[in-house]
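Now for the letters of each chain:
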Amino acid sequence: MTQRALTGIRVADFSHVVAGPLATHFLALNGAEVTKIESPRGDNLRNYTLDPAQRGLSPAFAGINAGKGSVVLDLKTPEGRAEAEEIIAASDVVVENFRPGVMARLGLGAAEMRVRHPHLVWCAISGFGQTGPLADVAAMDQIIQSLSGLMSLSGLPDDPAMRVGFPVVDTFTGLLAAFAIQTALLQRERGLCAGQEIDVAMLDAALVMMLSVVNPLLIAGETPVRTGNRGFSRAPTSDTFSCAGNSAITIGAVEDAHVAKVLAVLGLEALLDDPRFADRRARATNADAMAGAMGAVLKTRPAAHWEDALRACGVPAARVQDLADAVAMPHLAGRDLFLDLPARHGGRQRILNAGFRFKEGGPGIACPAPELGAGRQATS
């Protein structure tokens, strides 16, 4: 049986809440042995729940800390710091997301630790990075969404700014950090460096995540325009439309061939003979009229009907689903997207896997998130 890529790699995880723990979660999914170092109160994410029965192992915590160990240390005490350094010395990777300078003031900073332990790959995750005028400013996902311009991108032109409905910056930052760590480990393995210091900032990550609009701004001065649910192409045939039965469908017709097929399904082929809709530029100029004609027909049948009809002729289309329907789709069975784990208090629980599959030695975890202070190694 092929081992996972990071089998044998030890990670000391001093991080908390989402971005840092998500980075180490992806390392654990790929075989790394991750030990969470927690304060006596534990990671705050443990209690992100309104259900008292779930406090200590909230679903949000359980989903990104499965397979890890947990060691409780008071880093304000000499004993706690000494044990922390023992864990660091035995590790390949250290991940922390304290404010810049906190670990250094404890005598456990990257500079000091890497002098003693030069093999370490050290990843510091913060809101604004380890350097710069904002380095000491407090940050969280919603703050970075606001400052980065992300909240100004969604909705219609006159809508107020609105955050994305989940901690998207935390999530992308964690993924970027995991990628950076694995890149540094590869550098070390190839003898290109003894160890590495990685500085991952949420603000930087947010801008990289938005590269499809940031790069046109940088290169050509193109300011992004809010288009609601209309796609990046701004084509009126690539949008979300209301349908019968309080349903809705998203259609992704951008190319002329797809537009022709959509109009044929809707019985609107004659629109292509109208100069207002004859080509892509004309349709963009008369977008509201084009969308209005399509919308009037789409309202006559449920979204599921149009989804079947459009997919049958090769047009990208999908009904709008809620999250519960999405995770229950039969298509996902056999995709290795979910892991079935034992729950700490009995029964079973499902969590998401890494979202990619390998033919051999792919990602996975066999045991759930640890109780606070459960030990250095989770048992599988």
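Described below are features of the structure shown in this document. (Residues numbered from 1 in each chain as written. Predicted model: local features only at pLDDT ≥ 70, side-chain atom pairs only at ≥ 80, totals over all residues. Heavy atoms only, no water.)

## Here we look at the packing of aromatic side chains
Two measures describe an aromatic ring pair: the distance that separates the ring centres and the angle between the ring planes. This model, assessed by the stated rule, comprises one aromatic pair. Across the ring face of F338, the terminal group of R350 is positioned such that the distance to the ring centre comes to 4.3 Å. (Phe/Tyr/Trp six-rings, centres within 6.5 Å; stacked < 30°, edge-to-face > 60°. Lys NZ or Arg CZ within 6 Å of the ring centre and 35° of its normal.)

## Quick look at the environment of R301
Note on placement: R301 falls in the loop between α12 (287–298) and α13 (303–312). Not counting chain neighbours up to four residues away, the residues in contact with R301 comprise C243, A244 and W306. (Helix = DSSP H or I, 4+ residues; strand = E, 2+ residues; numbered from the N terminus. Contact = heavy atoms within 4.5 Å.)

## What to know about the packing of helix α7 (residues 168–189) against helix α8 (residues 202–209)
What describes two packed helices is the angle between their axes and the distance between those same axes. Packing of α7 against α8 leaves a shortest axis separation of 9 Å and a crossing angle of 95°. It follows that α7 is roughly perpendicular to α8 by the angle criterion. Contacts between α7 and α8 pair V168, V169, D170, F172, T173 and L176 from the former with M202, A205, A206, V208 and M209 from the latter. Looking at the contact of α7 with α8, its residues break down into nine nonpolar, one polar and one charged. (Axes fitted to C-alpha atoms, helices over the stretch in contact; angles between N-to-C directions. Parallel < 35°, antiparallel > 145°, perpendicular 65-115°, else oblique. Nonpolar A, V, L, I, M, F, W, Y, C, P; charged D, E, K, R; others polar.)

## Considering the packing of helix α1 (residues 19–29) against α7
As a packed pair, α1 and α7 sit with axes 7 Å apart at the nearest point and diverge in direction by 45°. Put simply, α1 runs oblique to α7. Every pair of crossing elements has a handedness; the one defined by α1 and α7 is right-handed. In this structure, α1 uses A19, L22, A23, F26 and L27 to contact α7, whose residues at the interface are D170, T171, T173, G174, L175, A177, A178, I181 and Q182. The class makeup of the residues in the contact of α1 with α7 is nine nonpolar, four polar and one charged. (Left-handed = near helix turned anticlockwise from the far one by under 90°.)

## Here's the deal with the sheet that holds strand β5 (residues 121–126)
Across the sheet, which stays open at both edges, the six strands sit in the order β3-β2-β1-β4-β5-β6 with parallel pairing between neighbours. Across the chains shown, the open sheet's two edge strands, defined by having one partner strand only, are β3 (69–72) and β6 (196–201). With strand direction ignored, the average angle separating the axes of adjacent strands in the sheet is 20°. Packed onto the sheet, α8 meets β5 and β6 and runs at close to 70° relative to β6. (Pairing = 2+ DSSP bridges.)

## Digging into a nonpolar patch on the surface
Taken together, the side chains of L134, V137 and L147 present a nonpolar region at the surface, about 240 Å² in accessible area. Along the polypeptide, V137 turns up in the loop between β5 and α6 (141–147). Given the relative accessible area of 39%, V137 is considered partly exposed. (Patch = residues over 30% accessible without salt bridge, like charges linked within 9 Å, V, L, I, M, F, W, Y side chains within 5 Å. Areas by Shrake-Rupley, 256 points an atom, 1.4 Å probe, with all protein chains shown as cover. Salt bridge = Lys/Arg side-chain N within 4 Å of Asp/Glu carboxyl O. Buried < 20%, exposed > 50% of the residue type's maximum accessible area, 1.4 Å probe, protein only.)

## Notes on the pattern of salt bridges
If you walk through the whole model with that rule in mind, you get 15 salt bridges. A salt bridge links K36 to D43; its shortest N-O distance comes to 3.1 Å. There is no split in this pair, since K36 and D43 are both buried. Within this structure, E85, E112 and R116 form a network of salt bridges that share partners.

## Considering the nonpolar core
Residues V11, V93, C123, I125 and I181 are the most contacted members of the largest nonpolar core, which totals 38 residues. Among the secondary structure elements, those contributing two or more residues to this core are α1, α2 (59–65), β4 (93–96), β5, α7, β6 and β10 (338–342). Of the residues forming this core, the biggest block, seven residues, is contributed by α1. Other than its neighbours up to four places away in sequence, I125 contacts A19, G20, A23, V95, E96, N97, F98, T173, A177 and V200. With 22 residues, the next largest nonpolar core counts A253, M290, M294 and L298 among its residues. (Core = buried A, V, L, I, M, F, W, Y, C linked by side-chain atoms within 4.5 Å.)

## Concerning the pairing of strand β11 (residues 348–352)
Sheet topology note: the β10/β11 ladder contains five bridges and is antiparallel. Across the sheet, residue D340 finds its bridge partner in β11, namely R350. Between β10 and β11, which pair antiparallel one after the other, the connecting turn spans five residues, and G346 there sits at a positive phi close to 100°.

## A look at unusual backbone geometry
A positive phi angle is found at V17, which is not glycine, with a value near 65°. Here V17 lies in the loop between β1 (10–13) and α1. Overall, the relative accessible area of 19% leaves V17 in the buried class. Although it is not a glycine, D336 sits at a positive phi angle of roughly 60°. Checked against the element boundaries, D336 lands in the loop between α14 (323–327) and β10.

## A word on the state of the cysteines
Enumeration over the complete set of coordinates arrives at zero disulfides. In this structure C123 is a free cysteine whose sulfur lies 14 Å from that of C193, the closest cysteine sulfur available. (Disulfide = S-S within 2.5 Å.)

## Structural notes on the environment of T223
If you trace the backbone, T223 turns up in the loop between α9 (211–220) and β7 (238–243). Along the backbone, T223 and V213 are 10 residues apart, and their C-alpha atoms lie at a distance of 7.9 Å. When sequence neighbours within four positions are dropped, the list of residues in contact with T223 reads L217 and R234.

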